[in-house]
Amino acid sequence: MIERRHAQEGMRSRALYSPCGTYRYGLERVWQDAPGPLLLWIMLNPARADERRNDPTIARCQRRAQALGFGGMRIANLFAFRAPTPADLRRAEAPVGPENDPLLLRWHGEAAMTLVGWGLHGAHLGRGAEVTARLTGPLHVLGLTKGGHPRHPLYVPYRAQPRLWRREGAA
């Protein structure tokens, strides 16, 4: 795994990639010198954010994590394949990535709170249900889609607060 770091204006960032760059396994942002608790987001797949810049989803997740009082956040995904659209993700031959699950499970174990939000596309290859079954301890959501999938944070208003997810029949 390749680790790239960046620091600017009090923000420390790191991103974890496959050697070929096809997969981004994790992204971390820490904004406090003595970091408080970390929030883990588990979403669908990485798009364009990296150790230096946010995309719209990561920017929104960061603002929400800061408003909730966390000292930093980590981003992991059901699929580590870097793709800007769900259609691109569905075309990938091996979208999970060989080092994705160990990191996802480790970060979940280290997080003060895990917020899941992969939307309806988490049903691809049964991945949402598979990962949900492997995660022990509480998971939180910002809401659910009509189909019962954890709503993606980009499409949830800031007034929505994390709530414990009852995982029976999780999607």
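Residues numbered from 1 in each chain as written. Predicted model: local features only at pLDDT ≥ 70, side-chain atom pairs only at ≥ 80, totals over all residues. Heavy atoms only, no water.

With respect to the nonpolar core
- Residues Ile42, Leu78, Val116 and Trp118 are the most contacted members of the largest nonpolar core, which totals 25 residues.
- If you list the elements that add at least two residues to this core, you get strand 4 (38–43) and helix 3 (100–110).
- The element that contributes the greatest number of residues to this core is helix 3, accounting for 3 residues.
- Within the second largest apolar cluster, 20 residues are counted, among which are Leu27, Met43, Leu115 and Ala160. (Core = buried A, V, L, I, M, F, W, Y, C linked by side-chain atoms within 4.5 Å. Buried < 20%, exposed > 50% of the residue type's maximum accessible area, 1.4 Å probe, protein only. Helix = DSSP H or I, 4+ residues; strand = E, 2+ residues; numbered from the N terminus.)

What to know about the pairing of strand 6 (residues 113–116)
- Residue alternation in strand 6 divides its side chains into two sets, Met113 and Leu115 and Thr114 and Val116, and both sets are buried.
- Here 4 bridges tie strand 4 to strand 6, and the two strands are oriented parallel to one another. Residue pairing across strands places Leu40 opposite Thr114, the latter belonging to strand 6. (Pairing = 2+ DSSP bridges.)

A few points about the layout of surface pockets
- Here the largest pocket is characterised by a volume of approximately 560 Å³.
- Forming the boundary of the largest pocket are 26 residues, of which Thr57, Pro86, His152, Leu154 and Tyr155 lie nearest the centre. (1 Å grid on protein atoms, 1.4 Å probe; cavity = no way out; pocket = protein on both sides within 12 Å on 5 of 7 lines; lining within 4 Å. Points joined across faces, edges and corners; volume = space filled by probe spheres on them.)

Some points on unusual backbone geometry
- One non-glycine residue, Glu9, lies in positive phi territory at about 50 degrees.
- Examined against the element boundaries, Glu9 turns out to sit in the loop between strand 1 (2–8) and strand 2 (11–17).
- Backbone geometry places Leu125, a non-glycine residue, at a positive phi of 60 degrees.
- Relative to the helices and strands, Leu125 is located in the loop between strand 6 and helix 4 (127–134).
- Taking the relative accessible area as the measure of exposure, Leu125 reaches 59% and is therefore exposed.

Some words on the pairing of strand 3 (residues 24–30)
- Taking burial as the measure, the 7 residues of strand 3 include 7 buried ones, the bulk of the element.
- In terms of strand pairing, strand 2 meets strand 3 through 6 bridges, oriented antiparallel. Across the sheet, Ser13 pairs through a bridge with Arg29, a residue of strand 3.
- When strand 3 meets strand 5 (residues 72–77), the two strands line up antiparallel, connected through 4 bridges. Across the sheet, the residue bridging to Arg29 is Met73, located in strand 5.

Some remarks on the side chain of His124
- By secondary structure assignment, the location of His124 is in the loop between strand 6 and helix 4.
- Not counting residues within four places of it along the chain, the set of residues in contact with His124 comprises Phe79, Leu89 and Arg90. (Contact = heavy atoms within 4.5 Å.)

Section: empty space enclosed by the protein
- Throughout the structure, instances matching the rule amount to 1 cavity of 30 Å³ or more.
- Approximately 30 Å³ is the volume found for the largest cavity.
- For the largest cavity, the full set of lining residues is Asp101, Leu104, Leu105, Val131, Arg134 and Leu135.
- Elements with a minimum of two residues in the lining of the largest cavity: helix 3 and helix 4.
- Examining the composition of the lining of the largest cavity, we find that 3 residues originate from one element, helix 3, more than from any other.
- Taken together, the residues of the lining of the largest cavity break down into 4 nonpolar, no polar and 2 charged. (Nonpolar A, V, L, I, M, F, W, Y, C, P; charged D, E, K, R; others polar.)

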